[in-house]
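# Chain and residue survey
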Amino acid sequence: MRTARAGAFRPPAQLQVLRTGASEAKRPAAILRAAGQDTVGKDSTAPRDAILIGDCVAEMMRLPEASVDLVFADPPYNLQLEGALSRPDQSLVDGVDDAWDKFADFAEYDAFTRQWLTAVRRLMKPSATIVVIGSYHNIFRVGAILQDLGFWILNDIVWRKANPMPNFRGRRFTNAHETMIWAARDPQAKAYTFNYETLKAGNEDVQVRSDWFLPICTGTERLKDETGRKTHPTQKPEALLMRVLLAASNPGDLVLDPFFGSGTTGVAARRLRRAFIGLERDRTYAAAARQRIDAVEPLPEEALAIAPTRRSEPRVAFSSVVEARLARPGERLVDARRRFSAVVRADGALAIGPAVGSIHKIGALAQGLPACNGWTFWHIERDGELTPIDELRAAMRAAMREAAESTADPL
Ligand SMILES: C[S@@+](CC[C@H](N)C(=O)[O-])C[C@H]1O[C@@H](n2cnc3c(N)ncnc32)[C@H](O)[C@@H]1O
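Anyway, here's the lowdown on the structure attached to this text. For clarity, every value in this text was computed on a predicted model and none was experimentally measured.

## Structural notes on the overall build of the protein chain
- Helix and strand counts for the protein chain stand at 11 helices and 16 strands.
- Going through the 411 residues of the protein chain one by one, you find that 43% of them count as buried.
- With an accessible surface of roughly 21,800 Å², the protein chain has 52% of that area assigned to carbon and sulfur atoms.

Have a look at this one:
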């Protein structure tokens, strides 16, 4: 039976802003800002580390535009469950039959989706991205609406569940995954955050793929009340949110979650030293989220520092290394096993006999290969030891960074 409808929710007359504290390691206990003392939207800065109780669309309209760096949204799935579902042993499956997941029809669900996505887009900085998670019930509708509204889809990521719920009726395949659509605000967005290099480094130097294998949220991570009942029916695993935030945000960024539920996004944000705004209309969920987030200890800063990506590193040509006299014209470079040697020229090229070319071209030529990374192939002798010339480049980059920092305008 469909009773209440998520799209038809009326926000309470008096809105409360729950703050989970500042983003430092030791935050104060949550502050309950008195209803009516509503500063959100009146100044131009968005709140940080706040849970706002109310309808997400109404709340988002009161937040300043272009203020958030990343959005994670886990909206109602519109599961359309018909009646109770039981296991073969006749025990009841604890499915999602909450009022907030019920809509009269697809048209109503689409109208709601359009509304909240429009409100979200206004809050996104031009460089911001959004990740929306859903299942086959809703994700295709969400994807089409994202495109209609002008978002630009970057990936769809499949979260393959290590321990999915079986299909008890045996009438379909086990529904073992959910889909996350990752999209930029605009087709032209170029400067969005994607921590490609560090993700790859953490994945044994292999590009991270768009299928993620993770367990659903169980065990001690799952919030339960005194009677053992799940506090929230669709609590997402923290590992999933950690991956999303690590991939698409940096420490200090502001992450918005318009369907905060039990606050998993806030947990990942606090642990990873991002700030968050969580919107949730159910006070019980909001209170559980606040308590859960307040117990999280942020990770040490050095475990999270932004690593310079190859793209963000200044380009250093070998000629600059020669100009800086880190390698001198006339010196010889050799490979790690001293099988080949080449002369450094004054113009930054290398020579082997009459052949002259870049460090890469001469490295390839020496080995009879089509290509070679000259930075790692060629070595220079210093104090009787061979050092890859890549280390000279790294030293130059460090000097360039230092120079840039010392001349940076303090304002
Ligand atoms: C799928 S759950 C999110 C679960 C969350 N990701 C977690 O890990 O706990 C969706 C949540 O959105 C809330 N919700 C639904 N419609 C809403 C609306 N219009 N405004 C604010 N919250 C809403 C529901 O109360 C529910 O807690």
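## Regarding the side chain of Glu 280
- With respect to the helices, strands and loops of the structure, Glu 280 is situated in strand β10 (residues 275-280).
- Among buried Asp, Glu, Lys and Arg side chains, Glu 280 stands out as unpaired, with Arg 281 the closest opposite charge at 5.8 Å.
- Among the polar contacts listed, one links the side chain of Glu 280 to the backbone nitrogen of Asp 282, at a separation of 3.0 Å.

## Some words on the packing of aromatic side chains
- Within this structure, the stated rule accounts for 12 aromatic pairs.
- Taking the centre distance of 5.3 Å and the plane angle of 35° together, the rings of Phe 103 and Phe 112 count as tilted. Accessibility classification places Phe 103 together with Phe 112 in one group, the buried group.
- Taking the centre distance of 6.1 Å and the plane angle of 55° together, the rings of Phe 194 and Tyr 196 count as tilted.
- Following the ring pairs from residue to residue traces out a cluster consisting of Phe 103, Tyr 109, Phe 112, Trp 116 and Phe 259.
- One residue, Arg 121, lies across the ring of Phe 151, its end atom 5.4 Å from the ring centre.

## A short note on the layout of surface pockets
- Looking at the second largest pocket, its volume works out to about 500 Å³.
- Taken together, 26 residues form the lining of the second largest pocket, with Asn 195, Thr 198, Leu 199, Leu 246 and Ala 247 sitting closest to its centre.
- When contributions to the lining of the second largest pocket are tallied by element, the ones reaching two or more residues are α4 (196-201), β8 (211-214) and α5 (238-248).

## Notes on unusual backbone geometry
- Unusually for a residue other than glycine, Asp 205 sits at a positive phi of about 60°.
- Within the secondary structure layout, Asp 205 lies in the loop between α4 and β8.
- With a phi close to 65°, Arg 325 is a non-glycine residue in the positive phi region.
- Mapped onto the elements, Arg 325 comes out in the loop between α8 (318-323) and β11 (332-334).

## With respect to the packing of helix α2 (residues 106-123) against helix α3 (residues 139-148)
- At their nearest, the axes of α2 and α3 sit 10 Å apart, and the two run at 45° to each other. Taken together, the axis directions place α2 and α3 in an arrangement best described as oblique. In terms of crossing hand, the pair formed by α2 and α3 is right-handed. Where α2 approaches α3, its residues Phe 106, Tyr 109, Asp 110, Thr 113, Arg 114 and Leu 117 are matched on the opposing element by Arg 141, Val 142, Ile 145 and Leu 146.

## Here's the deal with helix α6 (residues 264-271)
- Burial within α6 is extensive, with seven of its eight residues counted as buried.
- Tucked into the core, α6 has its buried residues touching β4 (68-73), α5, β9 (254-257), β10 and α7 (283-294).

How each quantity is defined
Residues numbered from 1 in each chain as written. Predicted model: local features only at pLDDT ≥ 70, side-chain atom pairs only at ≥ 80, totals over all residues. Heavy atoms only, no water. Helix = DSSP H or I, 4+ residues; strand = E, 2+ residues; numbered from the N terminus. Buried < 20%, exposed > 50% of the residue type's maximum accessible area, 1.4 Å probe, protein only. Areas by Shrake-Rupley, 256 points an atom, 1.4 Å probe, with all protein chains shown as cover. Lys, Arg positive; Asp, Glu negative; His and termini not counted. Salt bridge = Lys/Arg side-chain N within 4 Å of Asp/Glu carboxyl O. Polar contact = N/O pair within 3.5 Å; in protein donor to acceptor, adjacent residues only side chain to side chain. Phe/Tyr/Trp six-rings, centres within 6.5 Å; stacked < 30°, edge-to-face > 60°. Lys NZ or Arg CZ within 6 Å of the ring centre and 35° of its normal. 1 Å grid on protein atoms, 1.4 Å probe; cavity = no way out; pocket = protein on both sides within 12 Å on 5 of 7 lines; lining within 4 Å. Points joined across faces, edges and corners; volume = space filled by probe spheres on them. Axes fitted to C-alpha atoms, helices over the stretch in contact; angles between N-to-C directions. Parallel < 35°, antiparallel > 145°, perpendicular 65-115°, else oblique. Left-handed = near helix turned anticlockwise from the far one by under 90°. Contact = heavy atoms within 4.5 Å.

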